Amino acid sequence: MTEKDFSLKAEIERHFALGPAAIGDVVAMDAFMALREALEKGLVRAAEPDAEAPLGWRINGWVKQGILLGFRLGALVGSGCESLSFVDKHTFPARRFAAEDGVRVVPGGSTVRAGAYVSPGVVCMPPMFVNSGAYVDEGTMVDSHALVGSCAQIGKRVHLSAAAQVGGVLEPINAAPVIIEEDVLVGGNCGIYEGTLVRRRAVLAAGTILTRGTPVYDLVRGEVLRAEGDWPLVIPEGAVVVPGSRAVTHGKGLDWGVSLYTPVIVKYRDQKTELSSALEDLLR
């Protein structure tokens, strides 16, 4: 972190601690706007790779404080046109992109909110939404009806297929947001929530749901993966995860033959899996 970053961090923390007293403070607004600009340029992040941090990621709680400060300072304003109008905080308008930004935003109702970083080489298929504080790295495709939640971290060359939902985590302040590392394929209608960490090169089959409360059964390694304490659910590198079920073994669930949904790791990524995802390169 640079000296300038330390100064911005201190300013954000100070104004956030003031609570409602910060409303109307020009200096507080200046600090937020500086943070928003730094987020959009990818200079600061809500979470970032750090080899010395637990799980290899450092959570920057002060960045989340800054985003919350922006909501506190913002006033409701109208925008749009007569036939399509919107009302939101003036501190978080929709971003506008130019050709020189290198971001492909296909026409059709997509929105990237202010305070989100979208790298050159990203493809946004309509309609999709990227929320404030999110970080979307180069070569990623955000497909139709996909959502990237506030502060979610998306690595290089990720494919978020149609209707994939990536939750963020804005509060609690120190909680890890959802993190998807590089070269991950997220199938259609997947849901990744509550700070889940998906390691690089993993494949999530269509319809897979990952949360803190859902165990993941690894059939290859004979393990059951769970979130515990402050640690999120972690999907291992190269894991191929599909929707599965586990039988209820007691009470009426047993009598009725009821099963509960659970994700299952059926294999780890190999050459055949690579070939099946080669089509993604043709779409970029």
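Remember, it's a predicted structure, so these values are computed and weren't measured experimentally.

**Q** Is there a simple way to explain the environment of Leu-210 in this structure?
**A** Position of Leu-210 among the secondary structure elements: in strand β21 (residues 209-210). It is 14 Å that separates the C-alpha atoms of Leu-210 and Val-184, two residues lying 26 residues apart in sequence. The residues touching Leu-210, leaving out its near neighbours within four places in the chain, are Gly-191, Ile-192, Tyr-193, Thr-196, Val-198, Leu-204, Val-216, Leu-233, Ile-235 and Pro-263.

**Q** Would you take a moment to explain the pairing of strand β25 (residues 239-247) for this structure?
**A** A regular strand carries its side chains on alternate faces of the sheet. In terms of strand pairing, strand β20 (residues 203-204) meets β25 through two bridges, oriented parallel. Bridge pairing in β25 links Leu-204 to Val-241. Pairing analysis gives nine bridges linking β25 to strand β26 (residues 259-268), with the strands arranged antiparallel. Each residue of the ladder has a partner; that of Pro-243, found in β26, is Pro-263.

**Q** How do you make sense of the pairing of strand β4 (residues 84-89) when you look at a structure like this?
**A** With zero of six residues buried, β4 is to be regarded as a mostly surface element. In terms of strand pairing, strand β3 (residues 76-81) meets β4 through six bridges, oriented antiparallel. When the sheet's bridge partners are listed, Gly-78 is paired in β4 with Val-87. Where β3 folds back on β4, the antiparallel hairpin that results is connected by two residues.

**Q** In this structure, what is going on with the sheet that holds strand β10 (residues 135-136)? I would like to understand it.
**A** What the six strands build is an open sheet, ordered β7-β10-β13-β16-β19-β24; its pairing is parallel. Every interior strand has two partners, whereas the edge strands, β7 (117-118) and β24 (234-235), have only one. Alignment of strand β13 (residues 153-154) against strand β16 (residues 179-180), held across two bridges, turns out to be parallel. Note that in β16 the partner of Ile-154 across the bridge is Ile-180.

**Q** Explain the sheet that holds strand β18 (residues 191-192) here, please?
**A** Within a sheet, neighbouring strands are paired by backbone hydrogen bonds and run either parallel or antiparallel to one another. Pairing in this open sheet of six strands is parallel, and the strands run β6-β9-β12-β15-β18-β21 from one edge to the other. One side of each edge strand has no neighbouring strand; the edge strands of this open sheet are β6 (111-112) and β21. Relative to strand β12 (residues 147-148), strand β9 (residues 129-130) runs parallel, the two being bridged by two bridges. Paired with Val-130 across the strands is Val-148, a residue of β12.

**Q** Looking at this structure, how should I read the pattern of salt bridges?
**A** A side chain with one charge can pair with a side chain of the opposite charge if their charged atoms come near. Scanning all chains against the criterion turns up 14 salt bridges. Salt-bridge contacts for Glu-48 lead to Arg-58; the nearest nitrogen and oxygen are separated by 2.6 Å. You can see Glu-48 sitting in strand β1 (residues 47-49) and its partner Arg-58 sitting in strand β2 (residues 57-59), a full ten residues away along the chain. Note on Glu-48: relative accessible area 24%, which makes it partly exposed. Classification of Arg-58 as partly exposed rests on a relative accessible area of 28%. For Arg-113, the salt bridge is made with Asp-88, and the minimal N-O distance between the two is 2.8 Å. With Arg-113 in the loop between β6 and β7 and Asp-88 in strand β4, this pair connects stretches of sequence that are 25 residues apart. With a relative accessible area of 12%, Arg-113 lands in the buried category. Judged by relative accessible area, which is 27%, Asp-88 ranks as partly exposed. Residues joined by salt bridges that share partners form a network here, namely Arg-157, Glu-182, Asp-183, Arg-200 and Glu-237.

**Q** Help me out: how do you make sense of the packing of helix α2 (residues 26-40) against helix α3 (residues 61-73) in this one?
**A** Working note: a packed helix pair is described by the angle between its axes plus the distance between those axes. Contact geometry for α2 and α3: axes closest at 9 Å, N-to-C directions at 125 degrees. Put simply, α2 runs oblique to α3. Regarding α2 and α3, the two cross each other, and that crossing is left-handed. Packed against α2, whose contacting residues are Ala-28, Met-29, Phe-32, Leu-35 and Leu-39, the element α3 presents Trp-62, Val-63, Gly-66, Ile-67, Leu-69, Gly-70 and Leu-73 at the interface. A per-class count over the contact of α2 with α3 returns ten nonpolar, two polar and no charged.

What counts and how
- Residues numbered from 1 in each chain as written.
- Predicted model: local features only at pLDDT ≥ 70, side-chain atom pairs only at ≥ 80, totals over all residues.
- Heavy atoms only, no water.
- Helix = DSSP H or I, 4+ residues; strand = E, 2+ residues; numbered from the N terminus.
- Contact = heavy atoms within 4.5 Å.
- Pairing = 2+ DSSP bridges.
- Buried < 20%, exposed > 50% of the residue type's maximum accessible area, 1.4 Å probe, protein only.
- Salt bridge = Lys/Arg side-chain N within 4 Å of Asp/Glu carboxyl O.
- Axes fitted to C-alpha atoms, helices over the stretch in contact; angles between N-to-C directions.
- Parallel < 35°, antiparallel > 145°, perpendicular 65-115°, else oblique.
- Left-handed = near helix turned anticlockwise from the far one by under 90°.
- Nonpolar A, V, L, I, M, F, W, Y, C, P; charged D, E, K, R; others polar.

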